Amino acid sequence: MAVRYRSMKAKDVPKCVEHIAAHPVLGPRYGSLIKVLPSAIRSSLGRDSLRASVFEEFQDSTTRFVGAGLAVFVSDEFFEELKTTPFFWLGPELVKRISRGDSPLLTDAAVRDANSTVGLNLVVWHNTIHPDDLRRAEVGTPTMTAFDEHYRGFRLRELIGQADCLDQLQGMRVAGGFYFHRAENRYGNFPEVSELDFESEPRNAGISRELAVSYSASWIGSLFLYAPPQFGFSRSEQRLLSSALKGGTDEELGDELGISLFAVKKAWRVIYDRVAACEPELIPSNDQADALIQDRGKQKKQRLLAYLRKHPEELRPVSRRLLQQEAAQRRRSPGSKSVFDAGA
């Protein structure tokens, strides 16, 4: 018995919505809005502002849908509304606004620019896993791993989520988050909440960059650790590298990305040249016998992918122009930047 995760695809949306409709808390909360939830999710899939995972449990020859996790980068205005009384139910409000053409999700260009300058506001849309499954140890690890894989390496400014059950609220506290108190309009310690009064109001919890500086030892605080990317890969190059990290031959990468084998090999050459210009020690020397060319190619790929696993910022959307401006500013004011500081 194993629980695994993968990126959500359009074909997963009906099952995800069905799962939400059957959820003891989320189903009643959405009410009639459940009808427009599929189109709201589909319209956002494939954009840089939404990352969504599907969790499945495998046992013998059977597969069970355990749930889905969705989080989005949103505008500053929506983020401030989320933290301002009166609080609203996050998921239904997102669906309302997306459906009426007033989506608070950032465009791809806005994600790229904010990730290169001031940083991003991340909102956890939902973790739809049933409370009974959340209590199982084998479910918790994949959910945290998926979130880490999706968001480590981004310039995060603030992160907030709305607990859909008491188990999620407790999980936010264990991860290192803080409760957002509506009366004081600030983050603080978690209150004592029981099952009986849990749904009396929206329960928001999260962490800001400023708090992360003090609590970097926590898992959620460590997500704010950041260093600017060195290589400035294009989005197409990032997609190729992200797929390569999951394994597969160049032929398989071409099939997945919908490009020819020739285009894949050409992309690798461009990537290697760019990396060699910035970090030549990552790329093995070419002064070897011709018989070793194939092995040398494998070494290049293995060393680069190993580097990217430790430096996910290289795979996040950025503006080269804005990064160059920031680098010039750092040269003029050396030592002015912290690894937590996502400011321009």
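Look up: the structure comes first, before these words.
Everything quoted here is computed from the prediction, not taken from an experiment.

Engineer: Would you explain helix H9 (residues 166-175) in this entry?
Structural biologist: The α-helix advances 3.6 residues per turn, and as a result positions three or four apart in sequence lie on the same side. Where H9 is concerned, the buried positions are Leu-166, Asp-167, Gln-168, Leu-169, Met-172 and Ala-175. Summarising the contacts, the buried residues of H9 are in contact with strand E4 (120-127), helix H7 (131-134), strand E5 (156-162), strand E6 (178-181), strand E8 (204-208) and helix H11 (219-222). Downstream of H9 by a residue or two, Gly-176 has a phi angle that is positive, lying close to 110°.

Engineer: For this particular structure, what's the right way to read the nonpolar core?
Structural biologist: When a protein is soluble and globular, its nonpolar side chains tend to lie buried together. Membership of the largest hydrophobic core comes to 53 residues, with the highest contact counts inside it found for Leu-37, Ile-41, Phe-73, Trp-125 and Leu-159. The element contributing the most residues to this core is strand E3 (residues 62-74), with seven residues. Ranked by size, the runner-up nonpolar core spans 19 residues in total, among them Phe-231, Leu-282, Leu-308 and Leu-315.

Engineer: Would you take a moment to explain the pairing of E3 for this structure?
Structural biologist: The side chains of a regular strand alternate, residue by residue, between the two faces of the sheet. With ten of 13 residues buried, E3 lies mostly within the body of the structure. Sheet analysis places strand E2 (residues 50-59) next to E3, joined by ten bridges and oriented antiparallel. Paired with Gln-59 across the strands is Thr-62, a residue of E3. With antiparallel pairing between neighbouring strands as the criterion, E2 and E3 make up a hairpin whose turn holds two residues, including Asp-60 at a positive phi of roughly 55°. Pairing geometry for E3 and E4, over six bridges, is antiparallel. Bridge assignment links Leu-70 to a residue of E4, and that residue is His-126.

Engineer: Explanation requested: the layout of surface pockets in the structure shown.
Structural biologist: In this model, the largest pocket occupies a volume close to 1,400 Å³. Forming the boundary of the largest pocket are 33 residues, of which Ser-7, Arg-51, His-150, Ser-242 and Lys-246 lie nearest the centre. It is helix H12 (residues 235-245) that provides the largest number of residues to the lining of the largest pocket, a total of six residues. Volume-wise, the second largest pocket comes out at about 830 Å³. Taken together, 35 residues make up the lining of the second largest pocket; nearest its centre are Asn-127, Thr-143, Met-144, Gly-171 and Trp-219.

Engineer: Please clarify how the pairing of E5 should be interpreted in this entry.
Structural biologist: By the criterion of burial, E5 is predominantly enclosed, with six of the seven residues buried. Sheet analysis places E4 next to E5, joined by five bridges and oriented parallel. The residue of E5 that forms the bridge with Val-123 is Ile-160. Taken together, the five bridges between E5 and E8 define a ladder with antiparallel strand orientation. Paired with Leu-159 across the bridge in E8 is Ile-207.

Engineer: What exactly am I supposed to notice about the sheet that holds E3 here?
Structural biologist: Where strands meet in a sheet, backbone hydrogen bonds hold them as pairs that are either parallel or antiparallel. Pairing is mixed across the open sheet formed by eight strands, whose spatial order is E1-E2-E3-E4-E5-E8-E6-E7. Looking at the sheet topology across the chains shown, the edges are occupied by strand E1 (2-7) and strand E7 (186-188). On average, adjacent strands in this sheet sit at an angle of 30° to one another, irrespective of strand direction. The sheet contact formed by E6 and E8 spans two bridges and is antiparallel.

Engineer: Honestly, the packing of helix H13 (residues 250-257) against helix H14 (residues 261-278) in this entry has me stumped. Any pointers?
Structural biologist: The geometry of a pair of packed helices is captured by two quantities: the angle between their axes and the separation between those axes. Between H13 and H14, whose axes approach to 8 Å, the crossing angle comes to 110°. Comparing their axes, H14 and H13 come out roughly perpendicular. Facing Asp-250, Glu-251, Leu-253 and Gly-254 of H13, the residues of H14 in contact are Leu-261, Val-264, Lys-265 and Trp-268. Per-class residue counts for the contact of H13 with H14 are four nonpolar, one polar and three charged.

Engineer: Got a minute to help me understand the side chain of Asp-250 in this structure?
Structural biologist: Locating Asp-250 in the fold gives a position in helix H13. Polar side-chain contacts of Asp-250 include one of 3.0 Å to the side chain of Lys-301. Aside from chain neighbours lying at most four places away, what touches Asp-250 is Leu-261, Val-264, Lys-265, Trp-268 and Lys-301.

Engineer: Even after reading the chapter, I still don't get the packing of aromatic side chains, so can you show me in this structure?
Structural biologist: For any two aromatic rings, the description comes down to two numbers: the centre-to-centre distance and the angle of the planes. Enumeration according to the criterion identifies 13 aromatic pairs in this entry. Considering the side-chain rings of Phe-78 and Phe-88, the 5.7 Å spacing of their centres and the 45° angle between planes classify their relative orientation as tilted. Highlighted residues: Phe-78 in helix H4 (residues 76-82) and Phe-88 in the loop between H4 and helix H5 (90-99), separated in sequence by ten residues. The exposure class of Phe-88 is buried, given its relative accessible area of 16%. Grouped by ring-pair contacts, the aromatic residues Phe-73, Phe-147, Tyr-151, Phe-154 and Trp-219 constitute a single cluster. For the cation-ring pair, Arg-4 lies above Phe-58, with the distance from its terminal atom to the ring centre recorded as 4.7 Å. Positioned over the ring face of Phe-87 is Arg-182, at 5.1 Å from the centre of the ring.

About the cut-offs
- Here, residues in each chain are numbered from 1, in the same order as that chain's written sequence.
- Since the coordinates come from a predicted model, pLDDT governs what is reported: local features require at least 70, and pairs of side-chain atoms require 80 or more to be given and counted, while whole-chain, interface and lining totals use all residues.
- Side-chain numbers here rest on the full set of heavy atoms in the structure, without hydrogens or water.
- The buried label goes to any residue with under 20% of its type's maximum accessible area, the exposed label to any with over 50%, and the partly exposed label to all in between, with areas taken from a 1.4 Å probe on protein chains only.
- We count a stretch as a helix when DSSP gives it H or I for four or more residues in a row; a strand needs E for two or more, and each element gets its number in order from the N terminus.
- Working rule for contacts: check all heavy atoms of both residues, and any pair within 4.5 Å makes them a contact.
- In this description, a nonpolar core means a group of buried Ala, Val, Leu, Ile, Met, Phe, Trp, Tyr and Cys residues linked to one another through side-chain atoms lying within 4.5 Å.
- Paired strands, in this sense, are two strands between which DSSP finds at least two bridges.
- Cavities and pockets were defined on a 1 Å grid built from protein atoms only: a cavity is a group of points that admits a 1.4 Å probe but offers it no way out, a pocket is an open group of points flanked by protein on both sides within 12 Å along at least five of seven lines, and a lining residue is one with an atom within 4 Å of any such point.
- Grid points are joined across faces, edges and corners, and a volume is the space filled by probe spheres set on the points.
- Note on geometry: axes are lines fitted to C-alpha atoms, helical ones only across the stretch in contact, with angles between N-to-C directions running from 0 to 180 degrees.
- For classification purposes, an angle smaller than 35 degrees is called roughly parallel, one larger than 145 roughly antiparallel, one from 65 to 115 roughly perpendicular, and anything else oblique.
- Any residue outside Ala, Val, Leu, Ile, Met, Phe, Trp, Tyr, Cys, Pro, Asp, Glu, Lys and Arg is labelled polar, Gly included; the first ten of those are nonpolar and the last four are charged.
- Counting of polar contacts relies on pairs of N or O atoms within 3.5 Å, with two restrictions inside protein: one atom must be capable of donating a hydrogen and the other of accepting it, and residues adjacent in sequence are counted only when both atoms are side-chain atoms.
- What counts as a ring pair is set by centres within 6.5 Å for rings of Phe, Tyr and Trp (its six-membered ring), and what kind of pair is set by the plane angle: stacked under 30 degrees, edge-to-face over 60, tilted for all other angles.
- Charge-over-ring placement is defined geometrically: NZ (Lys) or CZ (Arg) within 6 Å of the ring centre, and within 35 degrees of the ring normal.

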